Amino acid sequence: MSKNSLISGVAAGALLSVVAISAASADTWRYAFEEAMDEVQGKYAQKFKEEIEANTDHSIQLFPYGTLGESADIMEQAQAGILQFVDQSPGFTGALIPEAQVFFVPYLLPTDQDHLARFYKESKAINEDFQGLYADQGLELLVMFPEGEVAMTTKEPVKSCDDLNEVKFRVMTNPLLVESYRAFGATPTPLPWGEVYGGLQTNIIQGQENPTFFLYSTKIYEVTDHITYVGHNNFTTAVMANKDFFDGLDDADKEAIQNASAAAYDYIVGYQKGLADSELDKIREAKPEMTITVLSEEERACFKEAAKEVEAKFIEMTGESGQAILDQLKADLDATAQ
Ligand code: 6CS
């Protein structure tokens, strides 16, 4: 063998190992969420996937609601490293991270969507303080984003807290949300999402709450007759990565994930503009007899009064760290009010 062919043989071998190394690092990352592909979390996930696949060698496999179980199941899978990414709303994270229940202090968050969009993006509580709390549970918090004002849907009209008396009201499995509906006068019934439609159909429960788009997409209007806007909350969700997985990535991949999260955030805020109104129109069309009521300030009085009790309960449950998160969150809301 000549000297030249030996050198080119060595060079070709080196090239082959470079190709092999980069091929080995082109991974498929698994990402599960709590909604269907064409619902808000699914739209967010698709945009995130598109960004990752355009800017890295990696690909993302999406698992919508139901394909891997309930919300609690996908969180377990993400913590175990079976999933690299998970979208779980604080509504289900309350037992794991008690401070995340802060999103269920009634009337803490505004209903103004532009204010909310600025708040989630710029909040120190979300982008710094919650990072450490999620990290303690093996999770890298990437983003929190709003999914719209929450409305109550019930079998009987709701004009005040009295109307919730003896109403078995389904809530997500979050201790503070349970306290909230207790303070509103209802009988709170925590259930995973999969049991809600059937529970309403069979009258095991008589009410539930969710953002407007979800009331339409999940056909929950078929099994309730009244939609009531009390203005008490906005639905928050959170996307996380398994922390060991994230920490093991190189800087370029970490940056690509942060950039994809930011791009998907802007996309999902834009996607939701006008969504609640358009989906409410679809409910009106599908079920003209459905009543849709926005409670007046006067009618909201008892709910606002109950909110004070719920805030105190939150502090009782979480102590100093909860108080610090609550104070920071209020400061962040003020700073982004404009
Ligand atoms: O109420 C729930 O359980 C569900 N609500 C929404 C808007 N998304 C996912 C969650 O499972």
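Keep in mind the model is a prediction, meaning the values are calculated, not measured.

Asks: Help me understand the state of the cysteines, please; the structure alone is not making it clear to me.
Replies: Simply put, the disulfide is a covalent bond whose two ends are the sulfur atoms of two cysteines. In the structure shown here, the tally under the stated rule is one disulfide. The disulfide bridge from cysteine 161 ends at cysteine 302, spanning 2.2 Å between sulfur atoms. Linking cysteine 161 and cysteine 302, the disulfide has an S-S dihedral of approximately 100° and is accordingly described as right-handed. Of the two residues, cysteine 161 is situated in the loop between β4 (139-154) and β5 (168-171) and cysteine 302 in helix α13 (residues 301-335); the sequence distance between them amounts to 141 residues. Since its relative accessible area comes to 28%, cysteine 302 is described here as partly exposed.

Asks: It is not clear to me how the side chain of aspartate 332 should be interpreted in this structure. Could you clarify?
Replies: Assignment of secondary structure puts aspartate 332 in helix α13. Aspartate 332 has contacts with Phe119, Ser123, Lys124 and Ala125, leaving out every residue within four places of it along the chain.

Asks: What exactly am I supposed to notice about the site of the ligand here?
Replies: Around the ligand sit Glu34, Glu35, Phe92, Arg170, Met172, Trp193, Asn210, Pro211, Phe214 and Phe235, and those are all the residues in its vicinity. A distance of 2.8 Å is found between an oxygen atom of the ligand and a side-chain nitrogen or oxygen belonging to arginine 170. In the complex, 99% of the free accessible area of the ligand, which totals 300 Å², lies under the protein chains. Here the ligand is seated within the largest cavity. Residue classes in the shell around the ligand are distributed as six nonpolar, one polar and three charged. Mapped onto the domain boundaries, the shell around the ligand takes at least three residues apiece from domain 1 (9-146 + 236-275) and domain 2 (151-233 + 279-336).

Procedures and definitions
Residues numbered from 1 in each chain as written. Predicted model: local features only at pLDDT ≥ 70, side-chain atom pairs only at ≥ 80, totals over all residues. Heavy atoms only, no water. Disulfide = S-S within 2.5 Å. Helix = DSSP H or I, 4+ residues; strand = E, 2+ residues; numbered from the N terminus. Buried < 20%, exposed > 50% of the residue type's maximum accessible area, 1.4 Å probe, protein only. Contact = heavy atoms within 4.5 Å. Near = heavy atom within 4 Å. Polar contact = N/O pair within 3.5 Å; in protein donor to acceptor, adjacent residues only side chain to side chain. Areas by Shrake-Rupley, 256 points an atom, 1.4 Å probe, with all protein chains shown as cover. 1 Å grid on protein atoms, 1.4 Å probe; cavity = no way out; pocket = protein on both sides within 12 Å on 5 of 7 lines; lining within 4 Å. Sits in = over half its atoms within 2 Å of the grid points. Nonpolar A, V, L, I, M, F, W, Y, C, P; charged D, E, K, R; others polar. Domains from an automatic or database assignment.

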